[in-house]
Amino acid sequence: MARNKKIIVLVGASGSGKTTVGNELTKHGIVKLVTTTTRPPREDEVEGIDYYFIGKADLDPHHFLEVTCYNGYHYGLSLKEIKSALDKHELVHLAMDKNGAKAMKTEYPDQCLVIFFIISEEEMIRRMKMRGDCQEAIEERVIYRHMTNEEARPEDADFVIENNDLDQTVQQILDFIDKNK
Ligand SMILES: Nc1nc2c(ncn2[C@@H]2O[C@H](COP(=O)(O)OP(=O)(O)O)[C@@H](O)[C@H]2O)c(=O)[nH]1
Ligand SMILES: Nc1ncnc2c1ncn2[C@@H]1O[C@H](COP(=O)(O)OP(=O)(O)O)[C@@H](O)[C@H]1O
């Protein structure tokens, strides 16, 4: 695949801002890759925009570049989604956990740029509350953070950022992408 194509992978704990920053990147013309999940949709999530929502029985791993299990649900990037996007676009982005980022780095070593968001536990909880997550979901994600050492920078991160000021974060990421084109 052409080296000038770039896949921006946003990684970080729940509430760190992957979705919000991803939406801003979309506004800047960077196309979002929509992944598939067995998790039920949140109130404001839209099929085909946030995720492709499917039942567990419908997830055939042969159709996916990778599948991860996060907090009891499966998530995966379909081969169809990535192939069709990379045929048409130079620059794409998506949010993934660390397993997904590793798989993408292995598959697309020259194209993949992993951006890792640092967030304290206190701020993560505050933001999940602000997003409207229920207490149970928040507790599950905090436990998941502890169990998986989610806050540790992944070894394959290309850029690490504290998403405090959204506009600043987006600009820093756009600058980083420009430098690595
Ligand atoms: N490996 C992998 N991770 C994914 C994929 N899609 C989403 N994720 C990640 O799965 C985790 C859980 O996502 P979600 O339930 O939407 O929770 P959120 O992080 O609180 O918004 C997040 O770290 C997502 O970035 C995928 O296709 N593959
Ligand atoms: N830089 C920021 N400052 C303040 N709030 C933010 C910032 N980035 C995101 N948020 C808010 O934090 C919450 C969680 O963000 P979200 O993008 O859903 O995180 P993630 O996709 O990583 O789980 C949302 O309510 C969002 O509006």
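In this text the structure is predicted, and so the values were computed from the model without any measurement.

### Regarding the overall build of the protein chain
Right, so step 1: Of regular secondary structure, the protein chain possesses six helices and nine strands.
Right, so step 2: What you see for the protein chain is a C-alpha radius of gyration of 16 Å, in line with the 16 Å of a compact globule of 181 residues.
Right, so step 3: Seen through its C-alpha atoms, the protein chain measures out along the principal axes to roughly 45 × 40 × 30 Å.
Right, so step 4: Relative to all contacts within the protein chain whose residues are 6 or more apart in sequence, the contacts with residues 24 or more apart total 68%.
Right, so step 5: Total accessible area on the protein chain is roughly 9800 Å²; 50% of this is exposed by carbon and sulfur atoms.
Right, so step 6: Treating the 24 positive side-chain charges of the protein chain as one cloud and the 32 negative ones as another, the clouds have centres 3 Å apart.

### Considerations on the sheet that holds strand S1 (residues 6–12)
Right, so step 1: Sheet architecture is open: five strands sit in the order S2-S7-S1-S8-S9, paired in parallel fashion. Either end of the sheet is taken by a strand with one partner, and the two such strands are strand S2 (31–32) and strand S9 (159–162).
Right, so step 2: In terms of strand pairing, S1 meets strand S7 (residues 91–95) through five bridges, oriented parallel. Each bridged residue has a counterpart across the sheet, and for lysine 6 the counterpart in S7 is leucine 91.
Right, so step 3: Contacts between helix H1 (residues 18–27) and the sheet are confined to S1, S2, S7 and strand S8 (112–118), with S1 contributing the most and set at about 155 degrees to the helix.

### A closer look at the site of ligand 2
Right, so step 1: Near ligand 2, the surroundings consist of 14 residues, among which Gly15, Lys18, Thr19, Thr20 and Arg131 are the closest.
Right, so step 2: A distance of 2.7 Å is found between an oxygen atom of ligand 2 and a side-chain nitrogen or oxygen belonging to arginine 131.
Right, so step 3: One of the backbone N or O atoms of asparagine 164 is found 3.0 Å from a nitrogen atom in ligand 2.
Right, so step 4: When ligand 2 sits alone it has 560 Å² of accessible area, and the protein chains cover 81% of it.
Right, so step 5: Among the elements of the structure, H1 and helix H4 (121–131) are those that each provide at least two residues to the shell around ligand 2.
Right, so step 6: For the shell around ligand 2, the class distribution of residues is three nonpolar, eight polar and three charged.

What counts and how
- Residues numbered from 1 in each chain as written.
- Chains lettered and ligands numbered in written order.
- Predicted model: local features only at pLDDT ≥ 70, side-chain atom pairs only at ≥ 80, totals over all residues.
- Heavy atoms only, no water.
- Helix = DSSP H or I, 4+ residues; strand = E, 2+ residues; numbered from the N terminus.
- Rg over C-alpha atoms; globule rule 2.2 N^0.38 Å.
- Contact = heavy atoms within 4.5 Å.
- Areas by Shrake-Rupley, 256 points an atom, 1.4 Å probe, with all protein chains shown as cover.
- Lys, Arg positive; Asp, Glu negative; His and termini not counted.
- Charge placed at Lys NZ, Arg CZ, Asp CG, Glu CD.
- Pairing = 2+ DSSP bridges.
- Axes fitted to C-alpha atoms, helices over the stretch in contact; angles between N-to-C directions.
- Near = heavy atom within 4 Å.
- Polar contact = N/O pair within 3.5 Å; in protein donor to acceptor, adjacent residues only side chain to side chain.
- Nonpolar A, V, L, I, M, F, W, Y, C, P; charged D, E, K, R; others polar.

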